[in-house]
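Observations on the model geometry
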2 protein chains.
Amino acid sequence: MERKVYIKNTPLEQALDLFLQELEESGYFTLDKERVEVLSSLGRILASAAYARRSSPHYPASAMDGIAVWAADTYGASEINPIRLDQNKYMEVDTGDYVPQDFDAVIMIEDVNYEQGKAVIIKPAVPWQHIRSVGEDLVAMDMIAPSLTSIGPYELASFVTAAINEVEVVKQPIVAIIPTGTELLDQGSDDMNPGEIVESNSKMLMALCHQWGAQAFRHEIVVDDQELLLQAVKRVKDQADMIVICSGSSAGREDYTSTIIEEVGQLLIHGIATRPGKPAILGMIDGKPVIGVPGYPISAQLVFTLFARPVLYKKQGQQIPAATSIDCRLARKIASTMGVDEFIYVNAARIKDNYLAYPLNRGAGITTSLVKADGVLHIERGQEGLEAGSICQIVLHKPQELLDRTLVSIGSHDLSIDFLADLLQSHHNIRLVSTNAGSMGGIFSLMRSECHLAGLHLLDEESGDYNISYLKKYLANQPWVLINLLHREQGLIVKKGNPFSINEIKDLSDNKIRYLNRQQGAGTRVLFDYLLGQHGISPESINGYHREEYTHLAVAAAVKNDTADCALGVFASARALDLDFVPIAEERYDLCLLPDLIKPQYVDSLMQVIGSRQFRQRVSKFGGYSLRNSGETIYPVTS
Amino acid sequence: MERKVYIKNTPLEQALDLFLQELEESGYFTLDKERVEVLSSLGRILASAAYARRSSPHYPASAMDGIAVWAADTYGASEINPIRLDQNKYMEVDTGDYVPQDFDAVIMIEDVNYEQGKAVIIKPAVPWQHIRSVGEDLVAMDMIAPSLTSIGPYELASFVTAAINEVEVVKQPIVAIIPTGTELLDQGSDDMNPGEIVESNSKMLMALCHQWGAQAFRHEIVVDDQELLLQAVKRVKDQADMIVICSGSSAGREDYTSTIIEEVGQLLIHGIATRPGKPAILGMIDGKPVIGVPGYPISAQLVFTLFARPVLYKKQGQQIPAATSIDCRLARKIASTMGVDEFIYVNAARIKDNYLAYPLNRGAGITTSLVKADGVLHIERGQEGLEAGSICQIVLHKPQELLDRTLVSIGSHDLSIDFLADLLQSHHNIRLVSTNAGSMGGIFSLMRSECHLAGLHLLDEESGDYNISYLKKYLANQPWVLINLLHREQGLIVKKGNPFSINEIKDLSDNKIRYLNRQQGAGTRVLFDYLLGQHGISPESINGYHREEYTHLAVAAAVKNDTADCALGVFASARALDLDFVPIAEERYDLCLLPDLIKPQYVDSLMQVIGSRQFRQRVSKFGGYSLRNSGETIYPVTS
């Protein structure tokens, strides 16, 4: 059994240059044209300049409601000496009506009186007044729009006006997408087996093609079999202008793409020096581009955007739309490998007068990083990583104004934060971006002014109170406000039916029970360590003490999926995944706000949402929560 | 016969507030929801937050190609003391494969050697290394996106991954558009009668609806008959969420919209204090909005954008997308009526370090102003007009980067300028915006640094040369370069067959011949005045001397359509409209460039296009042109 383990690392620009150049030389970028009816041309691109077929107006037209006259007939008219025109000396016209050759001026209806069928005029008309001349808007043979114009509502209306019924437009490139992988399913369901993966990449790439003006179709999933994949490629290659093979998730033995391209076409690149995206494959078959896209969604998105996008725009004679870039202060340090172009997706938001960038989870399998991303940070090949606080350029994927109406919450995770986000979005047009960094992480972000608010549930072991002593210590030099969001039950999350009969903390010091811990700095971790100390249990006696997850739902999911037997977490998580729950303690979960950094109306909106019927209903429905002090100001204490 | 002549002028914000408030009170803005398949949800708006239906991955998955092991089995492995794992102690896994419970770590294939079926390890594995935990990407019940999120490629892919097969989205509002007017035709053709107008507004409004996330359908054209219009309204009202009645071009007797709204619904506003857009009508029928849109295209566009757009966005729970605004220096003075909100469409471009705004033709019937517009200048009700040179805020309709790659040409009109524009666009990604202001207008614009170049053909009566003496006089203090574009024939444009036997200038001093003049400052006007002087003909003896048009094509169109008998112009215009032509003189048409204001690479591009085979072929094909000096530098003279 042979496996191909290493693949060549071609630098990004070199790979793209080679790809574009080879396609250019094969004549690929010649514009393909077609004629379409004007009414279905919206959003299409003109392949050649559009010239008016006829003038508009194509006749002398009245510009007013009034009467058409021969100007000379009205000379000398005045209030003292009105002129009375007989019915054969004037004609009633409405705006847009034809003004025949017998007349050379129009008088507004407001300036006309009628007396016994005669029109009475008290002011002379100037020749050609209120008459729109032929071609005032468009003259036949006027160029309405040059080649490569994108046809919008106004171009379309002008074409119709100029009697253009058909236009020559650029053909939309057709992209064939072939998903491959024995492990892939077309659609997710409730009874998927371990190892089965829902095939989503082809759907993402098709949607991207659509955004870039191309059409896309999807071949059915091809299992890992070189001959079947070859047949699929042969089947689509004459119908498509670009072939995309979405690899299974492995760069190893299941990857036949490069072999097939070598066999029926020309392999150009196998492996690029980017992260993510490394196993990208570029080639040509019959002078058409073929792209082998890695299986991890973020790698797939990046490779497709780096290579398919410029090819598809160029094929349509278009430049890639310019993106907005903004300078941001980096909230966290980023490590980077020298010699590789790195692309890091970030959230971005405005905090007071600065834009901050928050790097998202860099795992190539994290589709949610794509959903969350406001933009991308490109660290070029020669650069090393970036320190926290350094200024970096972010290419935005979303409108900049969104960053201006974003609230950043960094701290402990609670499911109710999602409800806040949903209600702030739908009722107040405020985006709440929440990052789980644990309660201590939240406090450090508040200290560095890198968030507007933080969710906290830090037990003070001495006083038994929550949060205040920590905030007094760490935020001694800045104003802060603490609002109670809710109280919640913490307890042991166990499998349905509690098969190991776990009823208290000390049941965990049985080495058979696989515990799953929360990360250091999380309020739940602080609580767990406190509970262990209280019971005199050594951390080392807990099987899994060093295995960490970052959210309540993540630990619950591990129990649900039997990769752990127990974890400390909130009731809501246990309930969300239909698990059993052994209550251990009730804790207070507060929001700490930095009034200097949040616009007052955003604080108002937040308080409105916290007090709203919808929020209270949704939280209560989940269970394990108490709202008895919700919305109350804990600190500063008001008399 | 009664006519409604005056209509009430409601201030813009008041009209909009009333409209939105009435709709709000009638419950119109409740979100309408529907469920759609995820695969057809691209571009739709989530009506409720989307929660993951299952975790991804939903099993512990290998993050690498390699072998799954029980970490404890590898403890102590080193180069000196390799550990050999039997086949039942490891399992080969590819990226994404399930890692069963018997294993708790993955070792990369690069770190494994095989010896007689055994896997040889030289480094111990850490528990859970290279294993993606359940829910690493998404945990069941995670909120993927809050309500009112617009679904893009990444959301779609995440939904698929989370086994969401259907989503609840906001229903697209349906807009019914009823065009009315006896003068209207569905489509333009070569044999339209005077007074007939191609109905283009409904098509423009439908395309705008599409851009705003709504659907639209069009009722067939209704002639001016109140009963028929009433029937049409009744026919569409139950199928639509908004009814739009596109009036014929008249605000007078053919306008039945308001009467009908009063009859079957509630009339709110008739007439708003905007320019254009004054005769707008707003009302409600069965709690749904009805908008009466004026017939002139620019008025229609403005009224629809001012009133339908906010209603349609709000109906979908969305904010109107924020537009980019930039500060521009106004190239021309703008008069404005106090008490009216004025909207002026402008071209905009960057000249060196300034953005300049060039007001476009303000006629409400000029559809080309909409096509050309880069943005709009809103002069508020309390404001007076603006002086040339004042700084004004332009709300952009087009991307700002377009303004940075725009060349502005102001001066004399020649058809070949359109060819330059087309070729610069398609081969060099440069937009050429050309405004016809006559040769003298061009010189004044050059003086004020308001354009990059100007097309000129100003005869110096004394020397017989062109352009140079004028430029030396007016541009004495700044560098300029003069390039010949072409020579062209000027002559008398007459009807086919020359029915009045016009053969020379003095034939025009026959009062029967209707002459059409070019505007003052146009090179052709200078030439005409020169020719009259040469022949001793008084301007007053020319019938039509004071009637002016602004382009060669416009005067030709007037002759073609028999609103004039003769005009001085270039051969190309006569030929374009299939008219006869009596040659009078050949003239030199040059481009004057301001090297300080144009990027050198744009000058290169321009010179390349002028010298290109395509340009020369297209010009030659038109006839009446000579390219014998085309592309040569006339001034400064090079030795």
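Residues numbered from 1 in each chain as written. Chains lettered and ligands numbered in written order. Predicted model: local features only at pLDDT ≥ 70, side-chain atom pairs only at ≥ 80, totals over all residues. Heavy atoms only, no water.

Details of the relation of the copies chain A and chain B
Which entries qualify depends on this criterion: For this overlay, a least-squares fit was computed on C-alpha atoms, restricted to residues scoring pLDDT of at least 70 in both copies.
With an axial shift of 0.0 Å and an RMSD of 0.1 Å, the rotation relating chain A to chain B amounts to 180 degrees. Taken together, the rotation and translation relating the two chain copies correspond to the operation of a two-fold axis. Closest approach to the rotation axis within chain A is made by the C-alpha atom of Thr324 of chain A, at a distance of 5.9 Å.

Considerations on the pairing of strand E31 (residues 515-518) of chain A
All names here are of chain A. What counts here: Only protein chains enter the accessibility calculation, which uses a 1.4 Å probe; a residue is then buried when its area is under 20% of its type maximum, exposed when over 50%, and partly exposed in between. Comment: elements are numbered from the N terminus, with helices defined as DSSP H or I runs of at least four residues and strands as E runs of at least two. Strand pairing requires that DSSP identify at least two bridges connecting the strands. The definition of a right-handed crossover adopted here requires that, viewed with the strands pointing away, the path from the first strand over the helix to the second runs clockwise.
Burial along E31 is two-sided: the face carrying Tyr515 and Asn517 and the face carrying Leu516 and Arg518 are both buried. Pairing geometry for E31 and strand E33 (residues 566-570), over two bridges, is parallel. Bridge assignment links Tyr515 to a residue of E33, and that residue is Cys566. Sheet topology places E31 next to strand E32 (residues 548-549); two bridges connect them, and they run parallel. Paired with Arg518 across the strands is Glu549, a residue of E32. This β-α-β element, E31 to helix H12 (residues 523-534) to E32, shows right-handed connectivity.

Remarks on the packing of helix H1 (residues 12-25) of chain B against helix H6 (residues 297-315) of chain B
Each pair of packed helices gets described by two things: the angle between the helix axes and the distance between those axes. All names here are of chain B. We count it as follows: Every axis corresponds to a line fitted to the C-alpha atoms, with the helix fit spanning only the stretch in contact, and the corresponding angles, defined between N-to-C directions, vary from 0 to 180 degrees. Here a crossing is called left-handed whenever its near helix is offset anticlockwise from the far helix by less than a right angle, and right-handed whenever the offset is clockwise. When checking whether two residues touch, look at their non-hydrogen atoms; a contact exists if any pair is within 4.5 Å.
At a minimum axis distance of 11 Å, the contact between H1 and H6 shows a crossing angle of 35 degrees. The handedness of the crossing between H1 and H6 comes out as right-handed. Facing Leu12, Ala15, Leu16, Phe19, Leu20, Leu23 and Glu24 of H1, the residues of H6 in contact are Leu306, Phe307, Pro310, Val311 and Lys314.

Examining the pattern of salt bridges
All names here are of chain A. The condition is simple: We count a salt bridge whenever a side-chain nitrogen from Lys or Arg sits within 4 Å of a carboxyl oxygen from Asp or Glu.
A complete count under the given rule lists 71 salt bridges over all chains for this structure. With a closest N to O distance of 3.7 Å, Asp341 and Arg381 form a salt bridge. Residue Asp341 is found in strand E23 (residues 341-351), and its partner Arg381 is found in the loop between strand E25 (375-379) and strand E26 (391-396); the two are separated by 40 residues along the sequence. One salt-bridge network, held together by shared partners, links Lys495, Arg514, Asp562 and Asp565.

Things to note about the domain arrangement of chain A
This is how the line gets drawn: Domain borders in the structure are assigned automatically or taken from a domain database.
Segmentation of chain A into domains returns domain 1 (12-29 + 173-315), domain 2 (61-132), domain 3 (325-398) and domain 4 (433-635). Placing a centre on the C-alpha atoms of domain 2 of chain A and another on those of domain 4 of chain A gives a separation of 83 Å.

A few points about the interface of chain A and chain B
Note the cut-off: Reported buried area values correspond to the accessible surface (1.4 Å probe) lost by two parts on association, with both partners' losses combined. For the purposes of these results, a polar contact is taken to be a pair of N or O atoms within 3.5 Å, where, inside protein, one atom must be able to donate a hydrogen and its partner to accept one; residues adjacent in sequence count only when each atom of the pair is a side-chain atom. The residue classification treats Ala, Val, Leu, Ile, Met, Phe, Trp, Tyr, Cys and Pro as nonpolar and Asp, Glu, Lys and Arg as charged. All others, Gly included, are polar.
Every contact between the two is made by 109 residues of chain A and, on the other side, 109 residues of chain B. Here chain A packs against chain B, burying approximately 9,400 Å² in sum over the two surfaces, 57% of which is carbon and sulfur. Scanning the region where chain A abuts chain B turns up two salt bridges. In this structure, Asp190 of chain B and Arg53 of chain A form a salt bridge, with 2.7 Å as the shortest nitrogen-oxygen distance. Taken together, chain A and chain B are joined by 32 residue pairs in polar contact (both at pLDDT 80 or more). Those elements giving two or more residues to the side of chain A that touches chain B turn out to be strand E11 (143-145), helix H2 (153-161), strand E15 (197-198), helix H3 (201-211), helix H7 (367-372), helix H9 (415-428), helix H13 (552-560) and helix H16 (613-622) of chain A. When its residues are assigned to classes, the side of chain A that touches chain B shows 49 nonpolar, 33 polar and 27 charged.

Quick notes on the sheet that holds strand E4 (residues 66-69) of chain A
Residues and elements named next belong to chain A. Across the sheet, which stays open at both edges, the three strands sit in the order E6-E4-E7 with antiparallel pairing between neighbours. The open sheet has two edge strands, strand E6 (90-93) and strand E7 (105-108), and neither has a second partner. Neighbouring strand axes in the sheet, compared pairwise and without regard to direction, differ in orientation by 30 degrees on average. Where E4 lies against E6, four bridges are found, and the strand directions are antiparallel. Residue pairing across strands places Val69 opposite Tyr90, the latter belonging to E6.

Brief notes about the packing of aromatic side chains
All names here are of chain A. In plain terms, the rule: Planes of paired rings set the category: under 30 degrees apart is stacked, over 60 is edge-to-face and the rest tilted, where pairs are Phe, Tyr or Trp rings (Trp by its six-membered ring) whose centres lie within 6.5 Å.
By the definition in use, this model includes 22 aromatic pairs over all chains. When the ring of Phe19 is compared with that of Phe307, the centres are 6.4 Å apart and the planes differ by 75 degrees; the resulting orientation is edge-to-face. On the criterion of sequence distance, the pair formed by Phe19 in helix H1 (residues 12-25) and Phe307 in helix H6 (residues 297-315) is long-range, its members being 288 residues apart. Each member of the pair, Phe19 as well as Phe307, carries the same accessibility label: buried.

Concerning the environment of Asp510 of chain A
Of note, Asp510 of chain A is situated in the loop between strand E30 (481-494) and E31. Residues Asp510 of chain A and Glu586 of chain A, 76 residues apart in the sequence, show an inter-C-alpha distance of 25 Å.

Topic: the packing of H3 of chain A against H6 of chain A
Residues and elements named next belong to chain A. Worth spelling out the cut-off: Angle categories are assigned with fixed cut-offs, so that under 35 degrees is roughly parallel, over 145 is roughly antiparallel, 65 to 115 is roughly perpendicular, and the rest are oblique.
Running from N to C, H3 and H6 cross one another at 30 degrees; their axes reach a closest spacing of 10 Å. Considering their axes alone, H3 and H6 lie roughly parallel with respect to each other. The two elements H3 and H6 meet at a crossing, and its hand is right-handed. Seen from H3, the contacting residues are Asn201, Met204, Leu205, Leu208, Cys209 and Gln211; seen from H6, they are Pro297, Ala300, Gln301, Phe304, Leu312 and Tyr313. Tallied by class, residues from the contact of H3 with H6 come to nine nonpolar, three polar and no charged.

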